[in-house]
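Analysis of the macromolecular model
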Amino acid sequence: MLTSHYARELAQLVTPVAPDIPRDARLRLVNHALADELQLPGHWWQTDNITGLLCSPVSELSRHAVAQKYGGHQFGQWNPMLGDGRGVLLGEATSASGKLHDLHLKGAGMTPYSRQGDGRAVLRSTLREYIGSEALHHLGIPSSRALCLFDSPQTVLRETAETAALMIRTAPSHIRFGHFEYYYNTGDTPALNALFDFVLTYHFSELKEAPNPHQALLKAITLRTARMIALWQAYGYVHGVMNTDNMSIHGITFDYGPYAMLDNFVSNSVFNHSDPHGRYAFDQQPGVALWNLNALARAFSGHCTVDEIKAVLQMYEPTFMAQYQQIMMQRLGLDTPGEQTLSVLNSFMRMVADEQRDYTATLRKLSHADPTLSHSPLRDEFIDRESFDTWWQQYRALRQTQGDILSSQQQMLNTNPVVIPRTHYLQQVIDEARQGDYTSAKALIEAVSNPFSAKWENTRWAMPPTDDTQVSLSCSS
Ligand code: AMP
Ligand code: MG
């Protein structure tokens, strides 16, 4: 049974909206493992029951559906006009461990916040979100999750006519930085405080007894964000639209748009065509997250002094750095970050960046290389073999002095994926799904759900793009 705490207890922050399900919507993908985790009723998934439930105004799934109001800084500019323009919050499921998880239906028609939009989502972006969010989750990067996906023969107009689709995603909540910013910037202190109380009651209850619960909340959001960004940088994930309305207070990857994971390591990569100045380039993400946290922190000024806020924000950078270094040590099979190990890490990243090597494939190959041998098979991957040889000797010396080689290799194989959601194979499965064939989509979901498994090695899902398979991204969704 779903609860609707947000919709009922923050009724002044939402607008009830009946989901508008396109004609002939068909359930195409279901994440049964997640449905079980969230203790959702099995009958939802039988012969499209869920589609009927979403269409019925009185069913448990739709009767408390609401659109949330929020604002956000978009490309640095404050925009108070935002909110769920094409999605509705259906309610909250409770996992076996007692945690709440929002169910949010995307592509469910117009709401008061649709502005010029049609309230719809296209299959291309919906399937990209479905697969991308599951991939990140299974890589160990906190993310919203994908519960199910529908498509419809109805088309929607973007740059061209595209297949319409809907998905239900889950997240602890859909509360964004922009929620707090909106009620702070409009001076609606009662709403802002109701939101703080809600978040401290339902999502960060362990902080309620802290000396200053609001400062503790800002700290928790800051540290979780730092950890998420460290994982993005360590795995080569580019979000693409890090506006504050796309930032979750839970420090999870959220609101997938024109995202990509790096193939070749190019540190200033931008995949969003609407970002010509590279505000959200790969190497800008750590700084942008801090900028966004600063924007959020203003909303805490009624409860924290400037010094209390500063003390929290100053924790971001060292936390990000320590987390990033720790993850990269694991990926390189090294122990703790220290002067020598960090120097080896820096030289490795410089080589990969200078030669724009495929980031994921290079690290996976390194996981297979035997550090007791003076000659590495990885050598042939690099043009500047002299630099590689120098690096290899330093690296293998460290590997051999730092603990057991077999266990460090196992650690590498468990942290360096074979499969990531590469843009070119997302495009292949989208093309097939548009024809009504989800066989490849399901196969890719299975692969990204077990990304470290050797069984994908040298298969279709492990291949970097070639000149023929490279695709460029559209940011419309
Ligand atoms: P996004 O770029 O998806 O993060 O969306 C930014 C804002 O635009 C949010 O308020 C969305 O709800 C709204 N929006 C995006 N696409 C549409 C659409 N097709 N129809 C209505 N609102 C939309
Ligand atoms: Mg958004």
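Structure first, text after, so check above.
Let me begin by describing the structure that accompanies this report. Note that the structure is a prediction, hence the values are computed from the model and not measured.

In this section: helix α16 (residues 439-448). Restricting attention to buried positions, one finds in α16 the residues Ser440, Ala441, Leu444, Ile445, Ala447 and Val448. Buried residues of α16, viewed axially, fall in a sector of 160 degrees; they line one side. Packed against the buried residues of α16 are β2 (26-30), α4 (123-139) and α15 (423-434).

Tallied over the full model, the rule gives 23 aromatic pairs. On the basis of an interplanar angle of 45 degrees and a centroid distance of 4.9 Å, the ring pair of Phe75 and Tyr280 is categorised as tilted. Note that Phe75 is positioned in the loop between β4 (72-74) and β5 (77-79) and Tyr280 in the loop between β12 (260-261) and α8 (285-297), a separation of 205 residues in sequence. The exposure class assigned to Phe75 is partly exposed, which follows from its relative accessible area of 31%. Accessibility expressed as a relative area gives 1% for Tyr280, which makes it buried. Ring geometry for Phe180 and Phe196: centres 4.9 Å apart, planes at 40 degrees, overall tilted. Of this pair, Phe180 sits in helix α5 (residues 177-185) while Phe196 is found in helix α6 (residues 189-202), placing the two residues 16 residues apart along the sequence. Among the residues examined, Phe180 registers a relative accessible area of 0% and is labelled buried. Over the ring of Tyr182 we find Lys69, and its NZ or CZ is 4.7 Å from the ring centre. Sitting above the plane of the Tyr359 ring, Arg331 keeps its charged end 5.4 Å from the centroid.

Let us look at the coordination of the magnesium ion (ligand 2). The magnesium ion (ligand 2) binds to the protein through Asn246 (OD1) and Asp255 (OD), with metal-donor distances spanning 2.0 to 2.2 Å. Among the residues examined, Asn246 registers a relative accessible area of 10% and is labelled buried. With a relative accessible area of 15%, Asp255 lands in the buried category.

In this model, helix α13 (residues 385-401) (17 residues) spans 24 Å end to end at C-alpha, consistent with the 24 Å of a helix rising 1.5 Å per residue. If you follow the buried residues of α13, they end up packed against α10 (316-332), α11 (339-354), α12 (359-368) and α14 (405-415). Two residues or fewer after α13 comes Gly403, characterised by a positive phi angle close to 70 degrees.

What the rule picks out here adds up to 3 cavities of 30 Å³ or more. The computed volume of the largest cavity comes to approximately 40 Å³.

What follows is about the layout of surface pockets. Taken as a whole, the largest pocket spans an internal volume of roughly 940 Å³. Contributing to the lining of the largest pocket are 36 residues, with Gln74, Arg86, Arg115, Asp245 and Ser477 lying nearest its centre. For the lining of the largest pocket, the per-class residue count stands at 8 nonpolar, 17 polar and 11 charged. The wall of the second largest pocket is formed by 25 residues, among which Lys99, His101, Pro172, Arg224 and His250 lie closest to the centre. Those elements that provide at least two residues to the lining of the second largest pocket are α2 (32-37), β7 (100-106), β10 (161-171), α6 and α7 (213-235). Looking at side-chain class alone, the lining of the second largest pocket contains 9 nonpolar, 10 polar and 6 charged residues. Counting contributing residues per domain, the lining of the second largest pocket is built from domain 1 (5-174) and domain 2 (178-324), each supplying no fewer than three.

Basis of the calculations
Residues numbered from 1 in each chain as written. Chains lettered and ligands numbered in written order. Predicted model: local features only at pLDDT ≥ 70, side-chain atom pairs only at ≥ 80, totals over all residues. Heavy atoms only, no water. Buried < 20%, exposed > 50% of the residue type's maximum accessible area, 1.4 Å probe, protein only. Helix = DSSP H or I, 4+ residues; strand = E, 2+ residues; numbered from the N terminus. Arc of directions from axis to C-beta. Contact = heavy atoms within 4.5 Å. Phe/Tyr/Trp six-rings, centres within 6.5 Å; stacked < 30°, edge-to-face > 60°. Lys NZ or Arg CZ within 6 Å of the ring centre and 35° of its normal. Donors = N, O, S within 2.8 Å, 3.2 Å for Na, K, Ca; no water. Expected span 1.5 Å × (residues − 1). 1 Å grid on protein atoms, 1.4 Å probe; cavity = no way out; pocket = protein on both sides within 12 Å on 5 of 7 lines; lining within 4 Å. Points joined across faces, edges and corners; volume = space filled by probe spheres on them. Nonpolar A, V, L, I, M, F, W, Y, C, P; charged D, E, K, R; others polar. Domains from an automatic or database assignment.

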